[in-house]
Amino acid sequence: MLLLLLPMMLMAQNTPSRMFVDGRSWKYSYHVPDDGYITDEQAYSGTHDWLHYDYELYVDGDSVVDGRPCRKIMAKGFSGTCLYALGAEEDGRVELRLEEFEPAFYAPFALKEWVTLYDFGANKGDQCHMAAYIGGEVTVEDEGVAQTGGTSHRFMVLGRPGDAQWRSYAVEGIGCPLGLYMFENIISNGSASSFVGCFDNGSCIFSKEDFDNLTFRPVVGVEAVVGSFNSPSSQSFDLQGRRLDHRHAKGIYIKNRKIMWK
């Protein structure tokens, strides 16, 4: 019975969390200088007063584009509500199609074209293109599991080729430190959007502070086993997620995504 249940349990654990689900939203604060046009340098100096507006992107039902099922992503703020984008997910790949230009959520993507925001099916060591990140090309340097609010979230540590100082994170079902995608909106009059957090039905499930405190750490238990499945490795683990020397492993253990018996 254990041999029958364990593969199903591991498959369920290894299924990427979906981002575009009913009730999911990403909230932002939009800051506008209250004394008219200012330069970026003045904006960064912090010497000006600001008007603050709350903005939100949220999932709101289904749609179909060119026969492809997708989800509607709405933008809601002081300028009203609009269909901002369409989102689609398959096998860990998260894609976005912008439908409307909204200054508070400006993105460096063309309208009406599908782009890959994230590829949560990527393995450690892979280099891949993710349009959510400035420059696009990133390398998956490591991966782990973050605990917040009693829920586990798998994340990837990302680096940019040729830039040893740059690091960021992509969290399954959540996004990145700047929200839905990695682009900081600073426009010429000093106004800007800042990410607040990701919500489910109004309850925060991952905040900007969670990203600020996020660091890679090993995980234990089934999650450690699942994490090992996402990168090529000859390591072996027991059913509690403890690493084994496969030469001395006895009984049931896991190696290279396979359940082994010795």
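None of these values were measured; they are calculated from a predicted model.

Account for the overall build of the protein, naming residues and giving values.
Each helix and strand in the protein was counted, giving 4 helices and 16 strands. Put simply, the protein has 262 residues, and 46% of those count as buried. Intrachain contacts of the protein at a sequence separation of at least 6 include 47% that bridge at least 24 residues. About 13,500 Å² of surface is accessible on the protein, with carbon and sulfur atoms providing 51% of the total.

Summarise the pattern of salt bridges; cite the residues concerned and give the values.
Scanning all chains against the criterion turns up 13 salt bridges. One salt bridge connects glutamate 99 with lysine 112, and the closest N-O pair in it is separated by 3.0 Å. Here the residue glutamate 99 occupies a position in the loop between strand 5 (93-98) and strand 6 (114-119), and lysine 112 occupies one in the loop between strand 5 and strand 6, the gap between them amounting to 13 residues. Taking the relative accessible area as the measure of exposure, lysine 112 reaches 45% and is therefore partly exposed. Three or more residues are tied together by salt bridges with common partners; here these are Asp22, Asp62 and Arg71.

Could you give me a rundown of the sheet that holds strand 7 (residues 127-129), with the residues and numbers involved?
Taken in spatial order, the 4 strands line up as 7-8-9-10 in an open sheet, and their pairing is antiparallel. In this open sheet, the two strands that pair with only one neighbour each are strand 7 and strand 10 (163-171). Neighbouring strand axes in the sheet, compared pairwise and without regard to direction, differ in orientation by 45° on average. Inspection of the sheet shows strand 8 (residues 137-148) paired to strand 9 (residues 151-160) by 9 bridges, in the antiparallel sense. Bridge pairing in strand 9 places glycine 144 opposite phenylalanine 155.

A description of the side chain of threonine 148 should follow, citing residues and the corresponding values.
Its location among the elements puts threonine 148 in strand 8. The buried category is assigned to threonine 148, whose relative accessible area is 12%. Aside from chain neighbours lying at most four places away, what touches threonine 148 is His153, Ile205, Phe206 and Asp210.

Go over unusual backbone geometry with me, naming the residues and quoting the values.
The phi dihedral of aspartate 91 is positive, around 55°, even though this residue is not glycine. The topology assignment puts aspartate 91 in the loop between strand 4 (80-90) and strand 5. Non-glycine residue lysine 112 carries a positive phi angle of around 65°.

Account for the environment of proline 161, with residues named and values stated.
Mapping proline 161 onto the fold places it in the loop between strand 9 and strand 10. Classification of proline 161 as partly exposed rests on a relative accessible area of 43%. In this structure proline 161 touches Gln127, Glu137, Val138 and Thr139, once residues within four positions along its chain are discounted.

Could you give an account of the environment of leucine 83, with specific residues and numbers?
For leucine 83, the position within the fold is in strand 4. As a C-alpha pair, leucine 83 and glutamate 102 span 19 residues in sequence and 9.8 Å in three-dimensional space. Beyond its immediate sequence surroundings of up to four residues, leucine 83 is in contact with Lys72, Ile73, Met74, Glu99 and Glu100.

Which residues make up the packing of aromatic side chains, and what values go with them?
Scanning the model with the defined rule gives 9 aromatic pairs in all. For the ring pair phenylalanine 155 and tyrosine 169, a centre distance of 5.7 Å and an interplane angle of 80° mean the geometry is edge-to-face. With phenylalanine 155 in strand 9 and tyrosine 169 in strand 10, this pair connects stretches of sequence that are 14 residues apart. Residue phenylalanine 155 shares its accessibility class with tyrosine 169, and that shared class is buried. A centroid spacing of 4.8 Å and a plane angle of 65° characterise the contact between phenylalanine 206 and phenylalanine 211, whose relative ring orientation is edge-to-face. Given a relative accessible area of 3%, phenylalanine 211 falls into the buried group. The ring of phenylalanine 199 carries the charged tip of lysine 27 above its face, separated from the ring centre by 4.4 Å.

I'd like a description of a nonpolar patch on the surface, backed by residues and values.
Residues Phe101, Tyr106 and Leu111 make up a contiguous nonpolar surface patch of about 290 Å² in total accessible area. With respect to the element layout, phenylalanine 101 can be found in the loop between strand 5 and strand 6.

Tell me about the confidence of the model for the protein, and name the residues and values.
Low-pLDDT stretches of the model should not have their predicted coordinates read in fine detail. Looking at the protein as a whole, its pLDDT mean stands at 77, while 66% of the residues score no less than 70. Mean pLDDT values over the elements of the protein span from 37, in helix 4 (residues 222-229), up to 96, in strand 5. Contacts from residues 1-13, a stretch scored under 50 in pLDDT, to residues over four places away or in other chains number 18 contacts. Within the model, the stretch residues 217-234 combines pLDDT values under 50 with 49 contacts to residues more than four positions away or in other chains.

Thresholds applied
- Residues numbered from 1 in each chain as written.
- Predicted model: local features only at pLDDT ≥ 70, side-chain atom pairs only at ≥ 80, totals over all residues.
- Heavy atoms only, no water.
- Helix = DSSP H or I, 4+ residues; strand = E, 2+ residues; numbered from the N terminus.
- Buried < 20%, exposed > 50% of the residue type's maximum accessible area, 1.4 Å probe, protein only.
- Contact = heavy atoms within 4.5 Å.
- Areas by Shrake-Rupley, 256 points an atom, 1.4 Å probe, with all protein chains shown as cover.
- Salt bridge = Lys/Arg side-chain N within 4 Å of Asp/Glu carboxyl O.
- Pairing = 2+ DSSP bridges.
- Axes fitted to C-alpha atoms, helices over the stretch in contact; angles between N-to-C directions.
- Phe/Tyr/Trp six-rings, centres within 6.5 Å; stacked < 30°, edge-to-face > 60°.
- Lys NZ or Arg CZ within 6 Å of the ring centre and 35° of its normal.
- Patch = residues over 30% accessible without salt bridge, like charges linked within 9 Å, V, L, I, M, F, W, Y side chains within 5 Å.
- pLDDT = per-residue confidence, 0-100.

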